[in-house]
Amino acid sequence: MTILLFIPACFALNMAPGPNNLLSMANAKRYGIRTACYAGIGRLVAFLGMITLAATGLATVLHTSEKLFFLIKVVGGLYLIWLAFQLWMADPSDSGSEAPGGSSLFQLAKQEFFLAAGNPKAILIFTAFLPQFVDPTGAVGLQFLILGGLFLVLEWIAIAGYAFFGKALRHWFSRPSMRRLFNRICAGLLGSAGVGLLLARRE
């Protein structure tokens, strides 16, 4: 019964528009669905680390430590703004056969990783949301393993879904002027998320 409640609630979180999903969409438009999905592995690695921390109880330290939480918030917000700047300045005439500035698939995966790791909301998901579905009287470690595995599978589906949507947009924005518009819309959203993260108060 807990799993039946967890899956739809978790999938809603996975599919919610956010910086990482927006980045997957932009990567798919520029480099293709396969590249965007492979780059998303970086995000899954970051989330796997957070799930491990939550399972071992170390995430509670991050949740309760004001200084650590503030540091993560600042780093995450600044990184979002930096990505927004890069996307804003991207060459719209580039067809996307190669990553800008000689970036490799590994570098795109690193972007996904740091974007996920620098988002304190993700930490709160694993410290506040995931434990709600864990029965403290049962095998806690095994439950975190199952729930965490389901979360990562659903996150992978979200990555693919946003990647397919981004690929579709690639055909709509075939002209450089339209690609510039799309890049700057995405940059504006990423930058707004970064500023919002920097200004947000901890609840």
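Computed from a prediction, not measured in an experiment: that's the story for all the values here.

(A) Local environment of the overall build of the protein chain. Along its length, the protein chain carries ten helices and zero strands. Scanning the protein chain from its N terminus toward the C terminus, one meets helices and strands in the order α-α-α-α-α-α-α-α-α-α. Counting the 203 residues in the protein chain, one finds 42% classified as buried. Relative to all contacts within the protein chain whose residues are 6 or more apart in sequence, the contacts with residues 24 or more apart total 88%.

(B) Up close: the packing of aromatic side chains. Tallying each qualifying case throughout the model produces three aromatic pairs. Between the aromatic rings of tryptophan 82 and phenylalanine 85, the centroid separation amounts to 5.8 Å while the plane-to-plane angle is 25°, which identifies the pairing as stacked. Of the two residues, tryptophan 82 and phenylalanine 85 both sit in helix 6 (residues 66–88), three residues apart, roughly one turn of that helix. Of the residues examined, tryptophan 82 reaches a relative accessible area of 44% and is grouped as partly exposed. Using a relative accessible area of 46% as the deciding quantity, one classes phenylalanine 85 as partly exposed.

(C) Focus on the nonpolar core. Counting 22 residues, the largest nonpolar core has Phe6, Phe47, Phe126 and Phe151 as the members making the most contacts within it. Those elements that provide at least two residues to this core are helix 1 (2–15), helix 4 (41–56), helix 8 (120–129) and helix 9 (140–172). The contacts of phenylalanine 6, once residues within four sequence positions are left out, are Phe129, Leu130, Phe133, Leu147, Leu150 and Phe151. If you look at the next biggest cluster of nonpolar residues, it comprises eight residues, including Leu22, Ala84, Phe182 and Cys186.

(D) The confidence of the model for the protein chain, seen in detail. On average, the protein chain scores 78 in pLDDT, and the residues at 70 or more come to 76%. Overall, residues 95–102 carries pLDDT values under 50, and its contacts beyond four positions in sequence, including any with other chains, amount to ten contacts.

(E) Main features of helix 4. Helix length check: helix 4, at 16 residues, gives a terminal C-alpha distance of 23 Å against a target of 22 Å (1.5 Å per residue), a fit within 8%. Buried within helix 4 are the following residues: Gly42, Arg43, Leu44, Ala46, Phe47, Met50, Ile51 and Ala54. Positive backbone phi, at 85°, marks glycine 57, one or two positions downstream of helix 4.

(F) Summary view of the environment of valine 134. If you trace the backbone, valine 134 turns up in the loop between helix 8 and helix 9. Judged by relative accessible area, which is 13%, valine 134 ranks as buried. The spacing of valine 134 and leucine 147 is 13 residues in sequence and 8.5 Å in space, taken between C-alpha atoms. Beyond its immediate stretch of four places on either side in the chain, valine 134 contacts Val140, Gln143, Phe144 and Leu147.

(G) Representation of the pattern of salt bridges within the structure. Applying the stated criterion to the full structure yields two salt bridges. The shortest N-O distance in the salt bridge between arginine 43 and glutamate 155 comes to 2.5 Å. Of this pair, arginine 43 sits in helix 4 while glutamate 155 sits in helix 9, and the two are 112 residues apart along the sequence. The exposure class assigned to arginine 43 is buried, which follows from its relative accessible area of 0%. Look at glutamate 155 and you get buried, because its relative accessible area is 5%. A cluster of three or more residues bridged by salt bridges with shared partners is formed by Arg43, Glu112 and Glu155.

Analysis parameters
Residues numbered from 1 in each chain as written. Predicted model: local features only at pLDDT ≥ 70, side-chain atom pairs only at ≥ 80, totals over all residues. Heavy atoms only, no water. Helix = DSSP H or I, 4+ residues; strand = E, 2+ residues; numbered from the N terminus. Buried < 20%, exposed > 50% of the residue type's maximum accessible area, 1.4 Å probe, protein only. Contact = heavy atoms within 4.5 Å. Phe/Tyr/Trp six-rings, centres within 6.5 Å; stacked < 30°, edge-to-face > 60°. Core = buried A, V, L, I, M, F, W, Y, C linked by side-chain atoms within 4.5 Å. pLDDT = per-residue confidence, 0-100. Expected span 1.5 Å × (residues − 1). Salt bridge = Lys/Arg side-chain N within 4 Å of Asp/Glu carboxyl O.

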